[in-house]
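# Structural features, examined
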Amino acid sequence: MIFFVLKRLAQSVLVMAIVSAVSFSLFNFVGDPVNNMVGQDATREQRIEIRQQLGLDDPILTQYARFLGNALQGDFGLSYRIKRPVDELILERLPATLELVFVSAIIALVVGITLGIYTGIRRSAWTSRIILSVSLVGVSLPTFIIGIALIYVFAVHLRWLPSSGRSGTMEFGWWKTSLLTIDGWRAIILPAITLSLFQLTLILRLVRAEMLEVMQTDFIKFARARGLSERAINFRHALRNTLVPVITIIGLNIGGLIAFSVITETVFQWPGTGLMFIQAVDFVDVPIMAAYLVFVALLFVLINLVVDILYFVVDPRIRLGN
Amino acid sequence: MHYGKMLAVSATALILASPALAENVFRWTSQGDALTMDPHSQNEGPTNAMNGQIYEALVTRDAALTLQPELAESWEAGADGWTFKLRQGVKFHDGADFTAEDVVFSFERAKHEASDFKEQAKSVASVEVIDDYTVKLLTDGANPILPNQLTSIYMIDKGWAEANNVVAPQDFKAKEETYAVRNANGTGPFVLESRAPDEMTVLMRNGDWWGEGMFPGNIDKIEYRPITNAATRVAALLSGEVDFVLDPPLQDLKRIEGSDGLHVTTVAQIRSIFFGMDQGIDKLRTSDAEGNPFKDPKVREAMNLAIDKAAIQRVVMEGLSFPTGMITPPGVLGNTPGNDESYGFDAAKAKALLAEAGYPDGFSVQLDCPNNRYNNDEKICQAAVAMLAKIGVRVSLDAIPKAQHFPKIQKRETDFYMLGWGVPTLDSHYVFSYLLESSGSWNATGYKNDRVDEITAAITTEIDIDKRTMMIDEAWSLVKADMPYVPIHHQVLAWGIADGWDVPIAADDAVRPRFVVKQ
Amino acid sequence: MSLQENRPTTRWQRVRDNDIVWSFIHSPGAVFAAAITLFAILACVFAPLIAPFDPFDPAQISLWDGKLPPAWIEGGQPQYLLGTDNQGRDMLSTILYGGRLSIMVGAAAVCLGMVLGVTLGVISGYVGGVTDAIIMRIADVQLTIPGILLAILINGIGRAFLPLELRQEFAVYVVILAIGLTDWPQFARVTRGATLVEANKEYVQAARIIGLPGWLIMLRHILPNTLRPVLVIATIGLALAIIAEATLSFLGQGIPPTTPSLGTLIRVGNDYLFSGLWWITLFPAIALVVLVFAVNLLGDWMRDALNPKLR
C-alpha cells in the first residue's frame, strides 16, 4: 500500500516538474518580458535596469529555481493586463468554477446513472433505444453549440433564465457562492446543464455497458435460477456490482468537467478560471497562462491520486496485482 | 420520471421568484472592464468611463460636449496660463476637503513618468497656488485651448495618496499591486462599493456630492458588468438582465428596437475611421512591388477610389456611418462640408490610375487591422480586401487585438493599416499634431508637407480665432489633395436601452449618470 | 455461411461473406453513416469543383450581395442557395470549403497522433523494459488529462511562442499539432497490447531466430496485425478531432476567419444570431453536427463489429 502510494506520489511530482518547466519557459521565450512591462518610450538604461531587477541575466537554472521557489509559495507575479497578483486572481475566480463543476457533476451523475441503469435493464424497450440514439447525438454536439442553443431558447426567446454571468452571489470570507440565492441558481442552471450534457452521455453509456456485462455473469444467472424477483436481481445484485467502477467515473467526470468548463465559461461569460485563461491567451498575459497551467496540472494530479488510492482500497484485484 | 417532474416544479419555482428592488439600480454592460481604479494609470475607454463616475476633473463636458464647470467654477486665460477658481465645500469620499494643494498634487501625479496621462498633462508646465481655492495653471507660451485638454485629468486627494503610498501611479517596476488599483477616493457623484474585475463593479450614489440636487439624475446604484462577447451582451439586454448596453453590435439594433421594452438611441460620434498608407519608406515591408507604390499620388488616389464607402455603410455598418473624405468629423473645428465630401467610388478609374502609375497588374500588401476596437473594424477590413482585389491590389489581412495592433503603428512597423481617431478637444490641432505633422507620434504614413507642419506649429499659439480657423482650413485642403490616408467614415454611436430609462447620448460615447433618469 | 461451404467462391463472394462486411450490410445505421461520411468527405475534398464560388478569392466577393437569405426565402437569390454571410460570401461554398478545412485538420491531427502513437506503441511492446515503462507512464499521465483541455493548452502555448506576424499563417499547423499531440496515447496503448500478443507468436519468434532485424519484424509482421483496433480508434478520434478543432476555432484560438473552418464560421455567425440572420450560424452548425454524428455512428458500429465480445 505504502509503496503503491509512494510510487503514485513520485509520478505526480514528476508531472508537476515537467509542467512547471513548460510554464517557466513561457515567461522566457514568449517575447521579451521587459517589453511587456515598460512603455514604448522607455530608454535603454531603464530596460537594462529592469532586466537586472528581474534577474533576467542570471543563469537559466538559477532563474528556474527562483521560479519554482516562488511558485511553491503561490507567487506567479502580477498579471500583465490587470496588474494584480495572479494567485489572488485565481483564488477569486476558483469558487465560480468549482461550483459550476459541482452542480454539473451532480446532474451528470444522477441523470447519467439513472438512465444508464434503466437502459441496461430494459435493453430492448423503445424508450431505451430512443435514449441511446439521443445520447449518440449528445456526444456529437459540441458543447458550445448546446450553450448557444440553450441561451437562445431559455434566455432570449422564453426569457426564463439569465443568458450570462453570475448574479446573486453571497460572500463567506473569500468564497463567493451562488448556491444560496434563487438568483444564483437561475444563473447557474443553464451553464451547468450545458457542461453536464457531454459527461452525462458518457456516464450513461458506461453504466449501461457495465450493467449489460454484469447481467451476463454467472451469479446473476444463478440468482435468476434461484427464482429471485427481477427487482431484487436488478437492484440488490446487479446494481451493486455496477457501482464499483463509479469511483473511476466520478474521477473521469470531474476531470472532464474542469476541461470543458473553459468552453462553457466562455459561452456564458461565467467568471471562473477558464474564462480568465481564455482572456489571458488573447492578451498573451503570460503570468496568468503559466499559473493556470500549473494550477490545472495540480488539480488533475490530485484528482488522479485520490482516485487511484480509492480504487486501490475498493478493488482487491489491484492490490493483488501489485 | 419523478425526477423529471421535480426538476420541472423546482425550475418554475425559481423562475417565478424574481427579485424586487426598491431603489433605482442602473445595470450597465459593455465590452471591456476598467483595468484599474487608479485614475492616472491607464488612459483607456472603459477605465476612464468607470473612473469618471468616481473622480472628477476641473472642467467637464455635458452631453452636447460644451465645457461645463466641475471642480472649477470659473476660469480665464492669461498670457502665460489660465486661472481657475475652485468650487468650495467639495469633499472627497473619505471626508477630506478638496483644495488647491490637491490640484497641484494631481497634476504632478498625472505628469509622473508612470502616468498614462502625461501627454495630456504636458501642456501644464506647473501649477501655482494663489489661495486655497484659486490656482493658476502655467503654460509654455499662450495656450488658447487649455481647458479642452483638462477634461480627463482627474483630481485625487493628496493626503489619501500619501497615507496609502500611492503618490505615483502604478509603476511598471512595481512588483506589488498598489492600493489605488482596487480602492478609490474621488469627489464624484458615485462611491466605489465593491469590485470584482471582469465580473461586476458596484457604485453607490454619493449623498454628500456637491452637485446633489443640481442635476436631474436619480440613479441610486450602478451595477457594471463587462460582457466580452457581443452576442451575449445583446442577449443580456434582450432577456432583461441589464438596462443598458453601451456598445450593441450594429447588426442587432433592429432586433433591439423591435423588442418590447427596449429602444435604441443614436448620435454621430466624434470618431473617424480610415486607412493609413506608408509613403515614407523606400521599399514596402510586405509587398512584392519594386519600391514603394504608395509614394505615387496616383496609387494613393486609386486606393481611395477603389473603396466603395456606400457599400460599407449599407452592408457592414447597417447604415450607421457617414462616408467621408477627411479624417475628422463634424463637430470638430476644421471639418468643412467641402472637405468632408467623400472621394467617391470608381473602380475603373482606379484601375487606370494604377496602370498609369506603372502597376497594371497591381501589387500585394498586408493590411493590419484591429479586431476589437472600432465598430465592425475587422469586417470593414475584410470588405476592403475584396474591393481592392477588384483593382488588382492583393491584400492579405492581419486582424489582431488592439493591444498588439496599436504598437505596430506607433513603432512604424506597418505598410497599410486601419486606425480610428476621436478628438476629445474638438479642435483640429489634436488631429494635426498626432496624425498629420511629419513628427506626429501616430503618423505612420511618413507624410510630410512643410506647410502643414508650419500651420500645426502656428495654431498652438494663435489666439485670433478667425485667422486660426483659416489656417486650419488651408491645412485640411492640402491634406485632401495629398491623400496620405484613405478616409472611410465617421462612426455613429448607438446605445441599447431598456424603456423607462432616459439616458442622454453624447458624441463622445461617455455615459453621464448625473443626467440619467429612471421614470 | 454454411451454404457456400463446398462451392468455389468468387472474390466478391468472399468479400461479402467476411463477417465485417456482413455486419455492415445488415446494419442500416452503419450504411447510413458511411454514406453520409463518404458524401461529406467527397463534397469537401472536391469543394473547389462543386462549390459555385471560391469564398477564399476576394475578387469573387461582392459586398452588395451580403446578408442575403437562403434562396427559398423572400429576398434570397437563386445563385446563393443557402444565402450569403455578412461579407457577401456564398454560404454553401463557404460551408463546403470550411468543412474541407475541418476534415483536413481533423484527419491530419489523427494521422499525426496515429503515427506517433503506433510507432511508440510498437516500440514499447516489442522492446519492453525501461523503454516500455517510460513510454507507457507518459501515456498514462497524459490520458488522465482530458484531450480538449490539453489541446487548448498546447494551442495557447503554441500561439504564444509564435511571433505575432506568423500567428495567423501558422494557426492551422498549431491546431493540428495541438490535437495530434493529445491523441497519441490511445493508439500507443492499443498497439502495444496487440504487439505483445503478436511478439510471442511462433512466426515472430522464428523470424527473430533467422536474424531478421527488429525494425523489419515490427514493420512487416507486427504492424499489420494491429491495424483493426487502430482503425476503430482513428475513426472515433476523427470525430473528436473535428469537434476539438471547431471548439478551438469557436473560442477564437483556432483557424482565422480569412480561411474559415466550420468552427470559425459558427463563431462569426454567432454574432448575427440575434439579428435575424440565422442562416449564417445554423447551416454551418448543422453541417458540423451531421458530420460528427455520422463519423461517430461509423466508429460505434466499427467498434462493435470488430470486437465480437461486445455484440
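Residues numbered from 1 in each chain as written. Chains lettered and ligands numbered in written order. Predicted model: local features only at pLDDT ≥ 70, side-chain atom pairs only at ≥ 80, totals over all residues.

## Things to note about the overall build of chain B
Formally: For the purposes of this entry, the term helix denotes a DSSP run of H or I that reaches at least four residues, the term strand denotes a run of E that reaches at least two, and both are numbered from the N terminus. As defined in this context, the radius of gyration uses C-alpha atoms, and a globule is described by 2.2 Å times the residue total to the power 0.38. Think of it as a crowd count around each C-beta: if 20 or more other C-beta atoms lie within 10 Å the residue is buried, if 12 or fewer it is exposed, and in between it is partly exposed, with C-beta placed from the backbone throughout. Contact definition: two residues whose C-beta atoms, as placed from backbone geometry, lie within 7 Å.
Scanning chain B from N- to C-terminus turns up 16 helices and 19 strands. Here the C-alpha atoms of chain B give a radius of gyration of 25 Å, agreeing with the 24 Å that 2.2 N^0.38 yields for 519 residues. Taken along the three principal axes of its C-alpha coordinates, chain B extends 80 × 70 × 45 Å. Within chain B, the proportion of its 519 residues that are buried is 50%. Considering only contacts in chain B between residues 6 or more positions apart, those separated by 24 or more positions represent 69%.

## Some points on the overall build of chain C
The number of helices and strands found in chain C is 14 helices and 0 strands. When the helices and strands of chain C are placed in sequence order, the string is α-α-α-α-α-α-α-α-α-α-α-α-α-α. Expressed as lengths along the three principal axes of its C-alpha atoms, the size of chain C is roughly 75 × 55 × 30 Å. Pairs at least 24 apart in sequence give 68% of the contacts found in chain C among residues at least 6 apart.

## Focus on the pairing of strand 14 (residues 364–370) of chain B
Residue and element names in this part refer to chain B. Spelled out, the test is: For two strands to be treated as a pair, DSSP must find at least two bridges joining them. With the strands pointing away from the viewer, any crossover whose connection runs clockwise from the first strand over the helix to the second is right-handed.
Judged by how many residues are buried, strand 14 sits mostly within the fold: 5 of 7 residues are covered. Bridge analysis of strand 14 against strand 15 (residues 394–400) gives 7 bridges, and the strand direction is parallel. Bridge assignment links Leu-367 to a residue of strand 15, and that residue is Leu-397. A crossover links strand 14 with its parallel partner strand 15, the connecting element being helix 12 (residues 377–389), and its sense is right-handed. Where strand 14 and strand 16 (residues 416–422) come together, 2 bridges link them in parallel fashion. Residue Asp-368 lies in a different strand from strand 16, and its bridge partner there is Tyr-417.

## Brief notes about the pairing of strand 6 (residues 126–131) of chain B
Residue and element names in this part refer to chain B. As paired strands, strand 6 and strand 7 (residues 134–138) are joined by 5 bridges and run antiparallel to one another. Counterpart to Asp-131 in the pairing with strand 7 is Thr-134. The antiparallel pairing of strand 6 with strand 7 creates a hairpin that spans 2 residues between the two strands.

## Comments concerning the interface of chain A and chain C
Facing the 33 residues of chain A at the interface are 33 residues of chain C. Only helix 1 (2–29), helix 6 (126–140), helix 7 (143–157), helix 11 (246–268), helix 12 (273–283) and helix 13 (286–314) of chain A provide two or more residues apiece to the side of chain A that touches chain C.

## Details of the domain arrangement of chain B
All names here are of chain B. Applicable threshold: Throughout, the edges of the domains are those of an automatic or database domain assignment. Ten residue types, Ala, Val, Leu, Ile, Met, Phe, Trp, Tyr, Cys and Pro, are classed as nonpolar, four, Asp, Glu, Lys and Arg, as charged, and the remainder, Gly among them, as polar.
Domain annotation of chain B identifies domain 1 (27–191) and domain 2 (269–493). One C-alpha centre belongs to domain 1, the other to domain 2, and the line joining them spans 33 Å. Tallied by class, the residues present in the side of domain 1 that touches domain 2 amount to 4 nonpolar, 5 polar and no charged.

## Description of the environment of A:Leu179
Looking at the element boundaries, A:Leu179 is found in the loop between strand 2 (175–177) and helix 8 (182–216). Among all residues touching A:Leu179, those that are not within four sequence positions of it are A:Glu99 and A:Gly184.

## Re the sheet that holds strand 6 of chain B
All names here are of chain B. The condition is simple: The axes used here are C-alpha line fits, helices contributing only the stretch in contact, and every angle between their N-to-C directions lies in the interval 0 to 180 degrees.
One open sheet accounts for 4 strands, arranged 4-5-7-6; its pairing is antiparallel. Both outer strands of the open sheet, strand 4 (72–77) and strand 6, are each paired with one neighbouring strand and no more. Geometrically, the sheet is characterised by an average inter-axis angle of 20° between neighbouring strands, direction not taken into account. The strands that helix 3 (residues 100–111) touches are strand 5 (81–86), strand 6 and strand 7; relative to strand 6, the one it contacts most, it runs at about 180°.

## Looking at unusual backbone geometry
Residue and element names in this part refer to chain B. Residue Asn-165 is not a glycine yet carries a positive backbone phi of 60°. Relative to the helices and strands, Asn-165 is located in the loop between helix 5 (158–163) and strand 8 (190–196). Look at Asn-376: it is not a glycine, yet its phi comes out positive at around 50°. Mapped onto the secondary structure, Asn-376 falls in the loop between strand 14 and helix 12. Its 23 C-beta neighbours within 10 Å are what place Asn-376 among the buried residues.

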